[in-house]
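Structural overview for review
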Amino acid sequence: RIRKRAVLCRRDIDALSPSFLSIFESLVPAEEEKAKQKQLFQLLQNLVNRKWPNAKLYLYGSCANTFGFSKSDIDVCLAIDDQDLNKSDFLLELADILVSGNLQNVQALTHARVPIVKLMDPITGLSCDICVNNLLAVVNTKLLKDYAQVDIRLRQLVFIVKHWAKSRRVNETYQGTLSSYAYVLMCIHFLQLRRPAILPCLQAMNVTYNVTVENTNCAYFDQVERLREFGVRNKESIARLLWSFFQYWAYHHDYTNDVISIRTGSFISKEAKDWTRRIGNDRHLICIEDPFNISHDLGRVVDKYTIKILREEFERAAEIMQYDPTPSTTLFQLY
Ligand code: GTP
Ligand code: MG
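For every chain, the first residue of its written sequence is number 1, and the numbers climb from 1 along that sequence. Following the order in which they are written, the chains are lettered starting with A and the ligands numbered starting with 1. Per-residue local features are limited, in this predicted model, to residues with pLDDT of at least 70; the limit for side-chain atom pairs, both in listing and counting, is 80 or more; totals at the level of whole chains, interfaces and linings are taken over all residues.

Section: the sheet that holds strand 9 (residues 266-269)
- Think of it this way: DSSP has to see at least two bridges between two strands before they count as a pair. Only DSSP runs of H or I covering at least 4 residues are called helices, and only runs of E covering at least 2 are called strands; the numbering of each starts at the N terminus. Read from one edge of the open sheet, 3 strands run 9-8-10, paired in mixed fashion. In the strand order of this sheet, the two ends are held by strand 9 and strand 10 (287-289), each with one partner. Geometrically, the sheet is characterised by an average inter-axis angle of 35° between neighbouring strands, direction not taken into account.
- Examined bridge by bridge, strand 8 (residues 258-261) and strand 10 share 3 bridges and lie parallel to one another. Paired with I260 across the bridge in strand 10 is I288. With axes taken as lines fitted to C-alpha atoms, and helix axes fitted only over the stretch in contact, angles between N-to-C directions fall between 0 and 180 degrees.

Here it is as structure tokens:
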């Protein structure tokens, strides 16, 4: 049963936008941080290419999707075309090269779900994770970045939602709550469904970008500079959008039946995806379809305890957005 509440938006909602926008501004990384990231990326590219001339490095995750906070680490994917590559051996070899390149705290995590090498660069002070041939992550990073260029409100909404999720400790996948990637998908989907829409569904438009990676075809309209006017008919302020976002996840989302899907710009039934029961460790209590790897539910990490925590946090945020005199401070009070 869906709990529906007929609350009207508070009257002074739009007046709260400046305080949220200044929080957004304070979280955006400065240009010199971007420069440091580039510097480390270049160093890694040189070290890797000395040994493997055909390997190519890509940035992915929040350092490349434009949803990264200041002082965040960088995620790098090393792509190498080698049919009989043994990932563990390769990562150990890579770790040796990094050590000889004077990088610190080098650690190969060969048994992780996504095997990586971790390192710290003493020159820039940045930490970095390197994975191998995880090209779907590189492509979904581009999709997120392209969406961010259509309407500035996506970036503002994501920064504030991620800041809320980190402050309230509901952005910890190893504890059973959602990843940053999942929150970005929730924000995109939410803005696709506003009326008038603030974001289009890029995967439902004519194809201008088309790659096949890891046996998955990834195709969508990526000429986003042509979509700069897309959302302008919708005048909703950031505070109003935040208010509705939390209302939606607190009181209106149908957790029993619906899967959110940015691939289609709408909902899919759990029934249709066969996500109605627990299979192994995947419980499907909140369902967020990955845009390319469509059998992948980003909500799979949530269990029967953490779904409760998550929903209580959405309700808390919705109540604060409705009644609190200073929501831009109360919302982020540390858990
Ligand atoms: P922060 O580090 O919290 O700022 O966010 P992030 O954007 O780096 O996100 P996150 O660490 O959650 O994910 C990094 C990247 O991994 C994402 O941008 C995706 O490209 C990729 N990815 C693909 N599948 C998954 C998944 O199931 N879970 C997560 N967490 N990431 C995935
Ligand atoms: Mg990250």
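What follows continues from the structure just given.
Quick look at the UniProt feature "domain: Poly(A) RNA polymerase mitochondrial-like central palm" (unreviewed entry) in the chain
- Under the UniProt annotation, the feature "domain: Poly(A) RNA polymerase mitochondrial-like central palm" (unreviewed entry) is placed at residues 19-149.
- Along residues 19-149 the backbone is 44% helical and 21% strand, and the end-to-end C-alpha distance reaches 23 Å. UniProt positions are given in the numbering used here, feature names are shortened, and annotations may be inferred rather than shown by experiment.

A word on the sheet that holds strand 1 (residues 56-60)
- A sheet is described by the order of its strands in space; here 5 strands give the open sequence 1-2-5-4-3, paired in mixed fashion. A single partner strand is all that each edge strand has here, and the edge strands are strand 1 and strand 3 (104-109). Adjacent strand axes in the sheet meet at a mean angle of 20°, parallel and antiparallel pairs treated alike.
- Of the pairings in the sheet, the one linking strand 1 to strand 2 (residues 74-79) comprises 5 bridges and is antiparallel in character. By the bridge assignment for strand 2, K56 is matched with A79.
- Note that contacts rest on C-beta atoms placed from the backbone: two residues are in contact if these are within 7 Å. Contacts between helix 3 (residues 87-100) and the sheet are confined to strand 3, strand 4 (116-120) and strand 5 (127-132), with strand 3 contributing the most and set at about 175° to the helix.

Quick notes on the site of ligand 1
- Nearness here is judged by the C-beta atom: place it from the backbone, and if it falls within 6 Å of a molecule or strand, the residue counts as near that partner. Residues in close proximity to ligand 1 total 17 residues, the closest being G61, S62, A137, S179 and S180.
- Elements supplying a minimum of two residues to the shell around ligand 1: helix 4 (135-148) and helix 6 (180-192).
- For the shell around ligand 1, the element with the highest residue contribution is helix 4, accounting for 3 residues.
- Of the residues belonging to the shell around ligand 1, the class tally is 6 nonpolar, 10 polar and 1 charged. Classification used: nonpolar for Ala, Val, Leu, Ile, Met, Phe, Trp, Tyr, Cys and Pro, charged for Asp, Glu, Lys and Arg, polar for all others including Gly.

Observations concerning the UniProt feature "domain: PAP-associated" (unreviewed entry) in the chain
- When the UniProt feature table is mapped onto this chain numbering, "domain: PAP-associated" (unreviewed entry) sits at residues 237-296.
- In residues 237-296, helix accounts for 32% and strand for 18%; the two terminal C-alpha atoms are 33 Å from one another.

Thoughts on the environment of R311
- Inspection of the secondary structure puts R311 in helix 9 (residues 306-323).
- In the structure, R311 is positioned 267 residues away from L44 in sequence and 42 Å away in space, judged by C-alpha atoms.

Some details on the confidence of the model for the chain
- For every residue, the predictor states its confidence as a pLDDT score lying anywhere from 0 to 100. Of all residues in the chain, 98% have pLDDT values of 70 or greater, and the mean over the chain is 95.
- Interface confidence for the predicted complex, given as ipTM, is 0.94, next to a pTM of 0.96.

Let's talk about the domain arrangement of the chain
- By convention here, the domain bounds are inherited from an automatic or database domain assignment. Along its sequence, the chain is carved into domain 1 (13-27 + 137-330) and domain 2 (31-134).
- Relative placement of domain 1 and domain 2: their C-alpha centres are 28 Å apart.
- Across the boundary between the two partners, domain 1 contributes 12 residues, which contact 12 residues of domain 2.
- Mapped by element, the contributors of at least two residues to the side of domain 1 that touches domain 2 are helix 4, helix 5 (152-167) and helix 6.

What to know about the nonpolar core
- Membership of the largest hydrophobic core comes to 92 residues, with the highest contact counts inside it found for L157, C187, L242 and F246.
- If one sorts the elements of this core by residue count, helix 6 sits on top with 10 residues.
- Counting only domains with at least three residues in this core, you end up with domain 1 (13-27 + 137-330) and domain 2 (31-134).
- Beyond its immediate sequence surroundings of up to four residues, L242 is in contact with F20, L157, I160 and M321. Any set of buried Ala, Val, Leu, Ile, Met, Phe, Trp, Tyr and Cys residues joined through C-beta atoms within 7 Å is what this text calls a nonpolar core. Exposed residues have 12 or fewer other C-beta atoms within 10 Å of their own C-beta, buried residues have 20 or more, and partly exposed residues fall in between, where C-beta atoms are placed from the backbone.

Observations regarding helix 3
- Taking 1.5 Å of rise per residue, the 14 residues of helix 3 would be expected to cover 20 Å, and the 20 Å separating its terminal C-alpha atoms lies within 8% of that figure.
- Among all positions of helix 3, only F90, L91, L94, A95 and L98 are buried. Seen along its axis, helix 3 keeps its buried residues to an arc of 140°; they face one direction. Opposite the packed face of helix 3, turned more than 90 degrees from it, sit the exposed residues D89, D96, V99 and S100.
- Packed against the buried residues of helix 3 are helix 2 (31-51), strand 3, strand 4 and strand 5.
- Positive backbone phi, at 70°, marks N102, one or two positions downstream of helix 3. Every helix has an expected span of 1.5 Å times one less than the residues it contains. An arc is given here, and it is the one of the directions from the helix axis to the C-beta atoms.

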